[in-house]
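A structural walkthrough
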Amino acid sequence: MTTTVKTPLEMFYRWEQETPGKVFLRQPKSLEWREYSWREVADQVRRLASFLRSKNYPQGTRIAIWSANSKDWPIVDFAIMMAGHVSVPIYPGQDVGSARYVFEHSEARMVFAGAFDMHDRLAEALTDVMETVAILGCRCNTDTSMEEILEQFLPMKESPQPPPKNLMTLVYTSGTTGNPKGVMHIHETPGHVVPSLVASFRLNEPESRLFSFLPMAHAAERILVELTGLYSNTPISFSEGQETFADEIRSVQPTFFFAVPRLWIKFKESIDGKFSVAQQASMTLEQKREVAYALGLASGRIIVTGSAPTPRDVQDWFLGMGIALRDAYGMTENFVHGMGWFKNDQPISGCVGQPMDPATQVRVSDLGEIQFKSKGVMQGYYLNPEKTAEVFDDGWYCTGDAGRFDDDGNLWITGRLSEVFKTTKGKFIVPTRLENLFGRSRYLAQFCVYGHGRDQPAVLATLSEKGHELEPGQLREELLALLEQINAEVPPYERLSHIIVTPEWTIENGLLTPTMKLKRNQIVEAFREQTAAMDQTEPVLLL
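Residues numbered from 1 in each chain as written. Predicted model: local features only at pLDDT ≥ 70, side-chain atom pairs only at ≥ 80, totals over all residues. Heavy atoms only, no water.

Details of the environment of I271
Defined as follows: Helix and strand definitions here come from DSSP, where helices need a minimum of 4 consecutive H or I residues and strands a minimum of 2 consecutive E residues; each element is numbered from the N-terminal end. Here's how the labels work: a residue is buried when its accessible area is under 20% of the maximum for its type, exposed when over 50%, partly exposed in between, all with a 1.4 Å probe on protein chains only. Contact criterion: two residues are considered in contact whenever any of their non-hydrogen atoms come within 4.5 Å of each other.
Tracing the sequence through the fold places I271 in helix α10 (residues 261-272). Judged by relative accessible area, which is 4%, I271 ranks as buried. A sequence separation of 20 residues divides I271 from V291, and the C-alpha atoms of the two residues are 7.8 Å apart. When neighbours within four sequence positions are excluded, I271 is seen to be in contact with Q280, V291, L295 and W317.

Below, the structure written as structure tokens:
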């Protein structure tokens with residue numbers, strides 16, 4: 001290629017040749033680590049690519065990956081690229097109906113199946129033309145397995161390079177408001193985007209380490225971990241699962257770490273359960289370092305939260321602990337290459353900072369919508385020209401998020417345009433603004449403000465581990481005090497009438513997307529009958 005932009009496969013071939021003995025992937029089993037060098041990784045990739053080529057599928061055939069993370073995930077991803085096909089990641093928490101829709105819509109011919117929630121219902125999701133391959137963690141009946149393929153096929157000798165403009169992957173959105181949409185990204189896109197991420201994340205510094213636990217089907221994890229690891233030649237350590245996660249991250253102490261708000265809340269809850277507010281306030285610098293080590297963040301040069309708003313009180317807690325938790329803002333459609341707080345080590349909580357790359361253009365429209373233009377922006381939604389046209393304005397990708405710039409050029413996200421609702425008093429309510437205020441509570445974990453057609457908004461919430469420890473009477477007292485405190489801080493039209501405590505919202509019960517975003521309409525609908533007469537109840541309602 002004549003361009004200096006490197007595709008993922010070009011980076012793969014580089015490290016295969018230049019650093020064959022360097023460890024790239026680390027897979028644990030019962031807290032014992034197995035390390036895979038570039039030589040071993042490349043051998044497995046090339047054998048899988050030979051297997052895929054043996055199928056004689058047309059170039060550009062869609063090949064799905066339905067699995068939690070493991071060392072096999074990137075190996076399969078690279079093999080699909082090398083064979084000239086297009087990857088279609090599926091979230092491990094995806095329901096059968098949505099998975100079937102993605103398989104049919106993408107016309108996938110094969111799925112590599114690992115550990116995923118619906119493993120006992122794989123057959124229901126498959127189309128008639130699909131073949132199945134088991135990878136690490138698979139508990140399904142499959143046509144063959146990765147182990148069998150590695151034994152039976154020789155490594156592909158060629159090092160093919162797909163045209164830069166060819167389709168590399170179809171990343172389906174999590175389907176917050178309907179069927180998932182297939183976001184199209186081409187082979188050259190990572191070369192435009194990832195090098196600047198590597199620099200921002202300081203992965204070009206010595207002794208860099210990555211730790212992967214969020215699904216790589218999530219665009220953020222795949223780009224911020226798999227691809228930055230590839231472009232920087234940084235080792236990636238995987239988590240075996242929730243039971244061993246805490247010990248694994250403590251063992252690795254990653255220098256870059258990305259997680260969604262739910263984990264940051266859980267981290268804070270774990271420390272709240274051990275130390276009172278007064279004890280935390282009086283901690284010495286050395287004690288705070290011990291907390292950071294216990295959380296696995298002691299070596300973190302860049303620690304990032306994203307995918308959804310993190311309550312500012314939670315982010316402030318980390319900053320107070322000496323852990324620079326930075327907000328970042330991007331989406332599948334722009335290859336998560338948007339805004340971030342990487343200019344200095346003193347982030348402002350709730351602020352997503354400035355463009356990650358000088359080449360990334362961002363603006364706020366007259367209607368207050370955040371819009372992007374960059375080399376990372378998608379080619380469009382697969383087989384959906386109408387939806388594609390809806391989100392583009394003269395080359396600018398329209399996010400649907402509302403925001404504003406401050407005097408220093410930092411971007412603040414103020415809500416989702418489609419989530420703003422109006423009360424019967426004619427006042428518009430931005431739910432995320434109110435939800436952020438509840439992050440200060442040690443007793444609540446998830447929040448969803450609603451109130452369309454009501455006189456005043458209300459908030460549905462779930463309990464944290466600390467909240468579950470309280471007796472109902474004590475819990476009501478704590479939440480009533482919280483409600484009064486928050487209502488004293490907001491204008492009269494934003495004052496909340498009720499806190500309604502519900503059972504937890506999960507991917508499994510359909511109230512969270514596979515990327516842990518709230519399904520607001522479903523949450524409100526799930527508890528509609530139980531809250532119908534709440535105006536005649538006390539301000540705190542425990543369901």
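As for the sheet that holds strand β28 (residues 540-542)
As a reminder of what qualifies: Two strands make a pair as long as DSSP finds a minimum of two bridges between them. In this analysis an axis means a line fitted to C-alpha atoms, helices contributing only their contacting stretch, and an angle means the value between N-to-C directions, from 0 to 180 degrees.
Taken together, four strands build an open sheet; the order of strands is β25-β26-β27-β28 and the sheet is mixed. Where the open sheet ends on each side, the last strands, each with one partner, are β25 (444-450) and β28. Adjacent strand axes in the sheet meet at a mean angle of 20 degrees, parallel and antiparallel pairs treated alike. Bridge analysis of strand β27 (residues 499-501) against β28 gives three bridges, and the strand direction is parallel. Each bridged residue has a counterpart across the sheet, and for V501 the counterpart in β28 is L542. Helix α17 (residues 472-487) rests against β25, β26 (458-463), β27 and β28 of the sheet, and its axis sits at about 140 degrees to β28.

What to know about α10
For clarity, the threshold we go by: Between the first and last residue of a helix there are one fewer steps than residues, each counted as 1.5 Å, and that sum is the expected span.
Taking 1.5 Å per residue as the helical rise, α10 with its twelve residues ought to reach 16 Å, and the 16 Å between its terminal C-alpha atoms agrees with that figure. Counted residue by residue, α10 has ten buried out of twelve residues, so it is predominantly covered.

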